[in-house]
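Overview (structure and organization)
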Amino acid sequence: MNQSDSHPFVTPTLLQSALRGLGCKCPRCGKGKLFAGFLTLRPKCDACGLDYAFIDTGDGPAIFIIMLAGAVVVACALIVEVKYQPPFWLHAVLWLPLILATTLLPLRSMKALLVALQFHHKAEPGRLEPK
């Protein structure tokens, strides 16, 4: 069963889809788990049977996280450098854990959010149409 099959499920609102995504749950029923591993998707929902073959987030989640984390870490590093001027080794001790925390912790939720939004908006691969 894929997302285009007829099913008795009511289409979730945008907020419901976003919350299901952030909770790493099935975008259709909100009950089944989305992931089998850290970033590895299950083949289908164990609750409603939705086939996850339509999912293609590509590098989107990583790009969003890199941009947000980069802005946070660079801003913090600049503030600390201007205000305290610590030695370079202290910068490494301070910012390496922050970089890891701001990139790895939200990555799974961001991927699940993009999956849920793909489902909500019925995203499909692009195709050329003759003129």
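Just so it is clear, the structure is predicted and the values come from calculations on it, not from any experiment.

**Some words on the overall build of the protein chain**
When helices and strands are tallied, the protein chain shows four helices and zero strands. When the helices and strands of the protein chain are listed from N to C terminus, the series reads α-α-α-α. The dimensions of the protein chain, computed from C-alpha atoms along their principal axes, are 60 × 45 × 25 Å. Here the protein chain, with 131 residues, has 31% of them falling under the buried criterion. Considering only contacts within the protein chain whose residues lie at least 6 apart along the sequence, 57% involve residues at least 24 apart. For the protein chain, the accessible area works out to roughly 8,800 Å², and carbon and sulfur atoms hold 68% of it. A distance of 9 Å separates the average location of the 13 positive side-chain charges in the protein chain from that of its 8 negative side-chain charges.

**Let's talk about helix α3 (residues 88-104)**
The terminal C-alpha atoms of α3 lie 24 Å apart, and with 17 residues this matches the ideal 24 Å at 1.5 Å per residue to within 8%. For α3, the principal kink sits at tryptophan 95 and spans about 25 degrees; a proline, proline 97, occurs within the next four residues.

**Details of the environment of arginine 127**
Along the chain, the position of arginine 127 falls in the segment after α4 (107-120). What makes arginine 127 exposed here is its relative accessible area of 60%. Here glutamate 124 takes part through its side chain, which lies 3.2 Å from a polar atom of the side chain of arginine 127.

**Side note on the state of the cysteines**
In protein structure, a disulfide is the covalent linkage between the sulfur atoms of two cysteines. This model, assessed by the stated rule, comprises zero disulfides. Its sulfur unpaired, cysteine 45 is 3.7 Å from the next cysteine sulfur, which belongs to cysteine 26. Take cysteine 45: its relative accessible area is 2%, and that puts it in the buried class.

**A short note on the nonpolar core**
Judged by nonpolar contacts, the single largest core of 13 residues is most densely connected at Cys26, Leu34, Cys45, Cys48, Leu50 and Tyr52. Membership of the second largest hydrophobic core comes to five residues, among which are Ala18, Ile65, Met110 and Leu113.

**Observations concerning the confidence of the model for the protein chain**
On average, residues of the protein chain score 91 in pLDDT, and 95% of them are at 70 or above. Counting interchain partners and residues more than four positions distant, the pLDDT-below-50 stretch residues 1-6 has 13 contacts.

**Brief notes about the packing of helix α2 (residues 60-84) against α4**
Where α2 contacts α4, the two axes come as close as 9 Å, and the packing angle between them is 130 degrees. By the angle between their axes, α2 is oblique relative to α4. Crossing handedness for the pair α2 and α4: right-handed. Two secondary-structure elements touch here, α2 through Gly60, Pro61, Ala62, Phe64 and Ile65 and α4 through Leu107, Met110, Lys111 and Leu114. Broken down by class, the residue content of the contact of α2 with α4 amounts to seven nonpolar, one polar and one charged.

Criteria and cut-off values
- Residues numbered from 1 in each chain as written.
- Predicted model: local features only at pLDDT ≥ 70, side-chain atom pairs only at ≥ 80, totals over all residues.
- Heavy atoms only, no water.
- Helix = DSSP H or I, 4+ residues; strand = E, 2+ residues; numbered from the N terminus.
- Buried < 20%, exposed > 50% of the residue type's maximum accessible area, 1.4 Å probe, protein only.
- Contact = heavy atoms within 4.5 Å.
- Areas by Shrake-Rupley, 256 points an atom, 1.4 Å probe, with all protein chains shown as cover.
- Lys, Arg positive; Asp, Glu negative; His and termini not counted.
- Charge placed at Lys NZ, Arg CZ, Asp CG, Glu CD.
- Expected span 1.5 Å × (residues − 1).
- Bend = angle between axes of the 7 residues up to and from the residue.
- Polar contact = N/O pair within 3.5 Å; in protein donor to acceptor, adjacent residues only side chain to side chain.
- Disulfide = S-S within 2.5 Å.
- Core = buried A, V, L, I, M, F, W, Y, C linked by side-chain atoms within 4.5 Å.
- pLDDT = per-residue confidence, 0-100.
- Axes fitted to C-alpha atoms, helices over the stretch in contact; angles between N-to-C directions.
- Parallel < 35°, antiparallel > 145°, perpendicular 65-115°, else oblique.
- Left-handed = near helix turned anticlockwise from the far one by under 90°.
- Nonpolar A, V, L, I, M, F, W, Y, C, P; charged D, E, K, R; others polar.

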